[in-house]
Amino acid sequence: MLNLHVTSIQIPLTCRRRGRDTAEDSAMSQGDGSAPVPEEDRPNEGTLQVLRDIASRLRIHSIRTSCIASSTHHPTSCSSSAEIMSVLFFYTMRYKQWDLENPNNDRFILSKRLSFVDVATGWLGQGLGVCCGMAYTGKYFDRASYRVFCLLGEGEASEGSVWEALAFASYYSLDNLVAIFDVNRLGHGSSFPLEHYIEIYQKRCKAFGWNTYVVDGRDVEALCHVFWQAAHVKGKPTAVVAKTFKGRGMPNSAEDAESWHGKPMPQGQADAIITLIGSQIQTNRSLTPKHPIEDSPQVNIENIKMTTLPAYEVGDMMATRKACGMALAKLGYANDRVVVLDSDTKSFTFSNIFKKEHPERFIECFVAEQNMVSVALGCAMRGRTVAFASTFAAYLSRAYDQIRVGAICGINICLIGSHCGVSVGEDGPTQMALEDLAMFRALPNCTIFYPSDAVSTEYAVFLAANAKGLCYIRTSQQETEVLYGPQEIFKIGQAKVIRYSDKDKVTVIGAGVTVHEALMAADELCRQDISIRIIDLFTIKPLDAATIICNAKATGGRIITVEDHYMEGGLGEAVCAAVSSEPDIVVHQLAAPVMVAPRCGHPSEMLSMFGISSRQISEAVKHMLAQ
């Protein structure tokens, strides 16, 4: 049996009196262009009774599970959607029960990780965006028959990410997507503002361009009909607004009551309710889901290789953000399942290069970063695509909840953040990502690339395409010199010692633009007969602790880290953690201080103003040696 946790992904709501059966309920199955269901497609009374009985068994199962767990489960919420789940899984959806990962299966998302749910969307508001990615992949990349269903509660309608997803699905005509709103009126501690005014939900969904039906969520026959109608709608996604009641089928003390959300029932009361619901079950039959249509293409996204070496020479000037866009376009030729998403920043992130070369695999998500990340997660589900999503790194902070959910679920996507640090210069502080490394370092199993030149950037893109789990590539706005030859070998977790001698007194560790500042500092110090060793980290996570410790010991245990990032959570703290068990190593951190007032200026001026330029590196080296 299925254990449902239906405080799922939710959408626009309305407000209605706390009424029970009313005249409106009998006239509720209505929507855009409703067509009569042919007789041969109508479920017979025997099938309808089995669906009612399955719903009853689902209620019993949710009550028992909540009693076993003792907390956090939601038996009354599960009860409100029992008929919806029964009809979806045992009448409407096509899938193979013994092969839940089959690419031809219909998809289903709600905010609880179950064996048949592709992604745990955690707190509410994310699932519809994930479904948009799945539906987009099914319609435009796979060109397959599978459909995508998303169950939401009305509380999620307060989340802006839901509205971003509604707009996206309508704009891209995702007619293989169905969103079901379980409008049961109640939230955690009280009723939602719109309560049972389901006609307002209907108007909101229609205003966003969705084909919309209103239905009594307790009526399995009406649910069968609207899901059949949704399958025949072309050019629009479909919203099913279902009026339901928490605690449906339970005595009045629990049904439609405000005091049961997230609470287990006392065992005695649970047993009595289970007996009551069980007495209403009339059959012992089950229903076998229809088999899916086998028309999804076979895909191979493993072991994607560079077709040619990077086309750069040492000394060339190239911004890593542009090198990243060019690498994505090159990657697109290496594998036809590479897709790129952007949030209306393509001219700045240079993802427009990919769009020009592979327009059919570029997804414009507009200014909706939360939804962009969710769509990327959906595109990557079940290994259907290799998904890259790019925007200004500062804007990814808006989507951190979506990002962490992707990391928790182990979904393989790569996020690209450009315009990082104070070296953004004239664009000003709102564009300067100075906390992004801390964000991504905190995520489990996240790989963080911070390339310093065009060659390492191209290798980072190809390594990310083959990596497992979440990846983040941090790129810079300003042009920097190419440091590496095209045949240089890069690996995840392997730093580069790019300048060294037997006379080195201090190890300076940087990444991105600060590597170039360190090299300029090294040239200046060399003229003063002071030699320093320079390490380019390449990946901040995993960190090459062995290389750091080995070189630190070779330079008297002295390390200076320099980063275009706040000190908190950046590469300096990562290095400190790596050497924390080494008593003879001292680390001095150079990082951007918290800005007391908005600043902008030329990149070199900004680096100097915030204490991470070549001059300050030189001063820090001499100060450390003097001590």
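Residues numbered from 1 in each chain as written. Predicted model: local features only at pLDDT ≥ 70, side-chain atom pairs only at ≥ 80, totals over all residues. Heavy atoms only, no water.

1. Examining helix α17 (residues 513-526)
Here is step 1 of the chain: Across its 14 residues, α17 extends 20 Å between first and last C-alpha, which sits within 8% of the 20 Å expected from 1.5 Å per residue.
Here is step 2 of the chain: With 10 of 14 residues buried, α17 is to be regarded as a mostly interior element.
Here is step 3 of the chain: Residues of α17 that are buried include every one of V513, T514, V515, H516, E517, A518, L519, A521, A522 and L525, and no others. (Helix = DSSP H or I, 4+ residues; strand = E, 2+ residues; numbered from the N terminus. Expected span 1.5 Å × (residues − 1). Buried < 20%, exposed > 50% of the residue type's maximum accessible area, 1.4 Å probe, protein only.)

2. With respect to the packing of aromatic side chains
Here is step 1 of the chain: Using the criterion set out here, one finds 18 aromatic pairs in the structure.
Here is step 2 of the chain: Ring geometry for Y136 and F168: centres 6.1 Å apart, planes at 45 degrees, overall tilted. Of this pair, Y136 sits in helix α5 (residues 127-141) while F168 sits in helix α6 (residues 160-171); the two residues are 32 residues apart in sequence, bridging distant segments of the chain. In this structure, Y136 and F168 share a single accessibility class: buried.
Here is step 3 of the chain: With a centroid separation of 4.9 Å and an interplanar angle of 50 degrees, the aromatic rings of W163 and F208 are classed as tilted. You can see W163 sitting in helix α6 and its partner F208 sitting in the loop between α7 (198-207) and β5 (211-216), a full 45 residues away along the chain.
Here is step 4 of the chain: The exposure class of W163 is partly exposed, given its relative accessible area of 21%.
Here is step 5 of the chain: In this structure F208 comes out as partly exposed when scored by relative accessible area, which is 28%. (Phe/Tyr/Trp six-rings, centres within 6.5 Å; stacked < 30°, edge-to-face > 60°.)

3. Overview of the pattern of salt bridges
Here is step 1 of the chain: Inspection of the entire model under this criterion finds 21 salt bridges.
Here is step 2 of the chain: The partner of E364 in a salt bridge is K346, and the shortest N-O contact between them spans 2.9 Å. Separated by 18 residues along the polypeptide, E364 in strand β9 (residues 362-364) and K346 in helix α11 (residues 346-349) bring together distant segments of the chain. Assigned by exposure class, E364 and K346 land together as buried.
Here is step 3 of the chain: A salt bridge links E488 to K496; the nearest nitrogen and oxygen atoms lie 2.9 Å apart.
Here is step 4 of the chain: Among the charged side chains, a network of salt bridges with common partners joins D142, R337 and R384. (Salt bridge = Lys/Arg side-chain N within 4 Å of Asp/Glu carboxyl O.)

4. A look at empty space enclosed by the protein
Here is step 1 of the chain: In this structure the tally under the stated criterion is 2 cavities of 30 Å³ or more.
Here is step 2 of the chain: In this model, the second largest cavity occupies a volume close to 30 Å³.
Here is step 3 of the chain: In terms of residue class, the lining of the second largest cavity is made up of 3 nonpolar, 2 polar and 3 charged. (1 Å grid on protein atoms, 1.4 Å probe; cavity = no way out; pocket = protein on both sides within 12 Å on 5 of 7 lines; lining within 4 Å. Points joined across faces, edges and corners; volume = space filled by probe spheres on them. Nonpolar A, V, L, I, M, F, W, Y, C, P; charged D, E, K, R; others polar.)

5. Brief notes about the confidence of the model for the chain
Here is step 1 of the chain: With 86% of its residues at a pLDDT of at least 70, the chain reaches an overall mean of 89.
Here is step 2 of the chain: Per-residue pLDDT stays below 50 along residues 1-27; that stretch engages in 137 contacts with residues further than four places along the chain or on separate chains. (pLDDT = per-residue confidence, 0-100. Contact = heavy atoms within 4.5 Å.)

6. Section: the packing of α5 against helix α13 (residues 369-380)
Here is step 1 of the chain: Where α5 meets α13, the closest approach of the two axes is 6 Å, and the angle between their N-to-C directions is 50 degrees. One element, α5, and the other, α13, form an angle in the oblique class. α13 is crossed by α5, and the crossing has right-handed handedness. Of the residues in α13, those in contact with G129, V130, C132, G133, M134 and T137 of α5 are N371, S374, V375, L377, G378 and C379.
Here is step 2 of the chain: Tallied by class, the residues present in the contact of α5 with α13 amount to 6 nonpolar, 6 polar and no charged. (Axes fitted to C-alpha atoms, helices over the stretch in contact; angles between N-to-C directions. Parallel < 35°, antiparallel > 145°, perpendicular 65-115°, else oblique. Left-handed = near helix turned anticlockwise from the far one by under 90°.)

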